[in-house]
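Summary of the model geometry
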Amino acid sequence: MKTFAELGFPGRLIAVEGLDGSGKSTQIYLLKRWLELQGLKVFFSEWNSSTLVKNATSKGKKRELLSPTTFSLIHATDFADRYERQLVPLLRAGYVVLCDRYIFTAFARDTVRGCPPEWVRGIYNFAAMPDLVFFFKAPLEISLQRILDGRPQLKYFEAGMDLRLSTDPYESFRIFQGRILEQYLAMSADFKFLVIDGSEPIEAQQNIVRDLVAAKVDLRHFVPHKRYEKK
Amino acid sequence: MKAAAKPNLDRKNHQRRIIVPKCKPRRFYGQGVPGVNLAKLAGKLIVVEGADGSGRSTQIARLVEWLEGSGHATVQVGLKRSTLVSEELEQAQQGNILSHTTLSLFYATDFADQLENIILPGLRAGLMVLADRYIYTLMVRDMARGMNEAWLKNLYGIALVPDVVFYLNVQPQELIERNFAKNQALDFWESGMDLGLSRDMFDSFLQYQALVAAKFRELQRTYDFTIVDGHRSPDEINIELRDRIQSVLEG
């Protein structure tokens, strides 16, 4: 399990992980702005999967056709598609690639659904490890509150309804998220997660994130090629 | 009015009782799929493997007829037949747009969907499940494209070990003639054109099929196939398959 740096890629991959409502998306956005404003080669992977794979995934979800095994496999297919067509070329081209979620989301979610953890990890072992993984650890209640306050329409699989934890989608979501958090915490040390306290103010968290990135990634290598020489 | 004919209960017919197969201990190749009670699978899983033109569908059609005539209910599965992803897989193949790992996982999804929705429920209900190809073709194709064998073994650790696996072995030269007779042309994927072995489709077909056959022989060491000589007449081949299935049923 090597990182992109260890594999000799010129690019670096930084991933954020955490529950919905942990604040990870805000933090990675601010990190992206910081790198962009320095004029560096940075790319935020928005997970554009090919229409083909996307169609299959959304059909499976809409019609509730997925079992834990096929849920896991179809998401692995989707990830492989993005990995091979987007991430690897960007990292070969020497970008700092920022990922909102990476393989650890699948590790946590599929394990909670009952797939054997070694099987899931084995499937994803074609993917290199990120150079940095930030884990935003917020108390479960805070994450839940941020998501559930708006009384959102929770989707069937998103709420973990397929696990038959509760007939109430909100209750099901709570239990499901609690179990995912347990899985994240259990793998935190194995994958050297940089744990950020998600209950701190946004600015305080961003300070730590930027310091760690500056300390661990030599940002001077990500200055773009000069396209035009000024006379 | 004549009285209705008495049902024919002569001795010969009477002796031919339908065999009621026994539940045998079963296992998955690896981790398996969650939530399956292996002790409750009464049916039998019969797999027929072989290249396009090796006679798989002919043999399966005959086996279905024979099994049903002998009193066994059947169901069939095959590659790219899942409700979940078959259409998308077909499109992916037409366009040759997905890279290896992606296509490989897409096929695994197709397999898993049929495993959980047709194969396992069928076996639970006591059916004879006939599989027109199984994980071996999928593994062999990927191995020919340089994918890691250990990775494939973990991925397909979800598969149930069949009761019997036949591999219809036919020489590439013979396959070519059968493919021409059937389709008037060679298939892009069956010729392994994506591998860049040769720009000449005829050459590529021969090289690719030889490569696939070699990979099958490699897998045969781990997975127990019955290799069947596919150069004989369909009748001769079918008799061999029936004999073997008969002994599985009598188990």
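On a predicted model such as this, the values are computed, not experimentally measured, just so you know. (Residues numbered from 1 in each chain as written. Chains lettered and ligands numbered in written order. Predicted model: local features only at pLDDT ≥ 70, side-chain atom pairs only at ≥ 80, totals over all residues.)

**What about the overall build of chain B?**
The helix and strand tally for chain B stands at nine helices and five strands. Start at the N end of chain B and walk to the C end: the helices and strands fall as α-β-α-β-α-α-β-α-α-β-α-α-β-α. Computed over C-alpha atoms, the radius of gyration of chain B comes to 20 Å, within 12% of the 18 Å expected from 2.2 N^0.38 for 251 residues, which places it in the range of a compact globule. Expressed as a percentage of the 251 residues in chain B, the buried residues total 37%. Considering only contacts within chain B whose residues lie at least 6 apart along the sequence, 79% involve residues at least 24 apart. (Helix = DSSP H or I, 4+ residues; strand = E, 2+ residues; numbered from the N terminus. Rg over C-alpha atoms; globule rule 2.2 N^0.38 Å. Buried ≥ 20, exposed ≤ 12 C-beta atoms within 10 Å, placed from the backbone. Contact = placed C-beta atoms within 7 Å.)

**Thoughts on the overall build of chain A**
The helix and strand inventory of chain A stands at eight helices and five strands. In terms of overall dimensions, chain A has a C-alpha envelope of 70 × 40 × 30 Å along the principal axes. Residues counted as buried form 43% of the 231 residues belonging to chain A.

**Brief notes about the sheet that holds strand β2 (residues 74-78) of chain B**
Residues and elements named next belong to chain B. Spatially, β2-β3-β1-β4-β5 is the arrangement adopted by the five strands of the open sheet, whose pairing is parallel. Lying at the two open borders of the sheet, with one neighbouring strand each, are β2 and β5 (226-229). In this sheet, neighbouring strand axes are inclined to one another by 25° on average, regardless of whether the strands run parallel or antiparallel. Direction of pairing for strand β4 (residues 164-169) relative to β5: parallel, over a ladder of four bridges. Bridge pairing in β5 links N169 to D229. Set on the sheet, helix α2 (residues 56-69) makes contact with β1 (44-50), β2, β3 (128-132) and β4; between it and β3 the angle comes to about 170°. (Pairing = 2+ DSSP bridges. Axes fitted to C-alpha atoms, helices over the stretch in contact; angles between N-to-C directions.)

**Examining the interface of chain A and chain B**
Interface size is commonly expressed as the accessible surface area that is lost when the partners come together. The interface of chain A with chain B comprises 26 residues on the first partner and 27 residues on the second. Looking at the side of chain A that touches chain B, the elements with two or more residues in it are α2 (51-62), α3 (68-92) and α5 (117-123) of chain A. Per-element tally for the side of chain A that touches chain B: the top contributor is α3 of chain A, with 11 residues. Its residues assigned to classes, the side of chain A that touches chain B comprises 13 nonpolar, 10 polar and three charged. (Nonpolar A, V, L, I, M, F, W, Y, C, P; charged D, E, K, R; others polar.)

**With respect to the packing of helix α4 (residues 103-112) of chain A against helix α7 (residues 169-187) of chain A**
A packed helix pair is summarised by two numbers, namely the angle formed by the two axes and the spacing between the axes. Residue and element names in this part refer to chain A. At a minimum axis distance of 9 Å, the contact between α4 and α7 shows a crossing angle of 125°. Relative to α7, the element α4 lies oblique. Remark: the crossing between α4 and α7 carries right-handed chirality. Contacts between α4 and α7 involve F104, F107, A108, R109, T111 and V112 on the former and, on the latter, F176, R179, I180, Q183, Y184 and M187. (Parallel < 35°, antiparallel > 145°, perpendicular 65-115°, else oblique. Left-handed = near helix turned anticlockwise from the far one by under 90°.)

**Digging into unusual backbone geometry**
Even without a glycine there, the phi angle at R101 of chain A is positive, about 85°. Here R101 of chain A shows up in the loop between β3 (96-100) and α4. Its 18 C-beta neighbours within 10 Å are what place R101 of chain A among the partly exposed residues. Positive phi outside glycine occurs at R133 of chain B, with the angle close to 80°. Tracing the chain through its elements places R133 of chain B in the loop between β3 and α5 (135-144). Residue R133 of chain B is classed as partly exposed on the basis of its C-beta count, with 18 C-beta atoms lying within 10 Å.

**Quick notes on the sheet that holds strand β2 (residues 42-45) of chain A**
Residues and elements named next belong to chain A. Across the sheet, five strands lie side by side as β2-β3-β1-β4-β5; this open sheet has parallel pairing. Of all strands in the sheet, those bounded by a partner on one side alone are β2 and β5 (194-197). Strand-to-strand, the axes of this sheet are offset by a mean angle of 20°, without reference to chain direction. Where strand β1 (residues 12-18) meets strand β4 (residues 132-137), five bridges bridge the pair, whose relative direction is parallel. The residue bridging E17 from the neighbouring strand is F135, located in β4.

**A short note on the nonpolar core**
The biggest cluster of nonpolar side chains holds 120 residues, and the ones touching the most others in it are V97 of chain A together with V129 of chain B. Here this core gets 11 residues from one element, more than from any other, and that element is helix α4 (residues 100-124) of chain B. Every residue in contact with V97 of chain A, bar those within four places of it in the chain, is listed here: G11, L13, F43, S45, L87, L90 and L91 of chain A. (Core = buried A, V, L, I, M, F, W, Y, C linked by C-beta atoms within 7 Å.)

**Observations concerning helix α9 (residues 234-250) of chain B**
All names here are of chain B. For α9, which comprises 17 residues, the first-to-last C-alpha distance of 24 Å matches the rise-based estimate of 24 Å (1.5 Å per residue) to within 8%. Listed as buried for α9 are I237, L241 and I245. Buried residues of α9 fall within an arc of 60° about the axis and therefore sit on the same side. Of the exposed residues in α9, those oriented more than 90 degrees away from the buried face are D235, E236, D243, Q246, S247 and E250. Those residues of α9 hidden inside the fold are in contact with β1, α2, β4 and β5. At the C-terminal side of α9, G251 shows a positive phi close to 25°. (Expected span 1.5 Å × (residues − 1). Arc of directions from axis to C-beta.)

**Brief notes about helix α7 (residues 172-183) of chain B**
With 12 residues, α7 of chain B extends 16 Å between its outermost C-alpha atoms, agreeing within 8% with the 16 Å of an ideal straight helix rising 1.5 Å per residue. Trailing α7 of chain B by a residue or two, Q184 of chain B shows a phi angle of about 65°, which is positive.

**With respect to the packing of α2 of chain A against α3 of chain A**
Residues and elements named next belong to chain A. Interaxial distance between α2 and α3 falls to 10 Å at its minimum, and their mutual angle equals 155°. As judged from the angle between their axes, α2 and α3 are roughly antiparallel. Crossing angle aside, the handedness with which α2 passes α3 is left-handed. Judged by residue contacts, V53, A56, T57 and G60 of α2 engage T70, I74, T77, D78 and D81 from α3. When grouped by side-chain class, the residues that make up the contact of α2 with α3 number three nonpolar, four polar and two charged.

**Overview of the confidence of the model for chain B**
All names here are of chain B. For chain B, the average pLDDT comes to 91, and 94% of its residues sit at 70 or higher. Across chain B, the element-wise mean pLDDT spans from 52 in helix α1 (residues 11-15) up to 98 in β3. For this predicted complex, the interface confidence reaches an ipTM of 0.88, while the overall pTM sits at 0.90. (pLDDT = per-residue confidence, 0-100.)

**Remarks on the environment of T26 of chain A**
When you line up the elements, T26 of chain A lands in helix α1 (residues 24-37). Along the chain, T26 of chain A and Q206 of chain A lie 180 residues apart, while their C-alpha atoms are 9.3 Å from each other.

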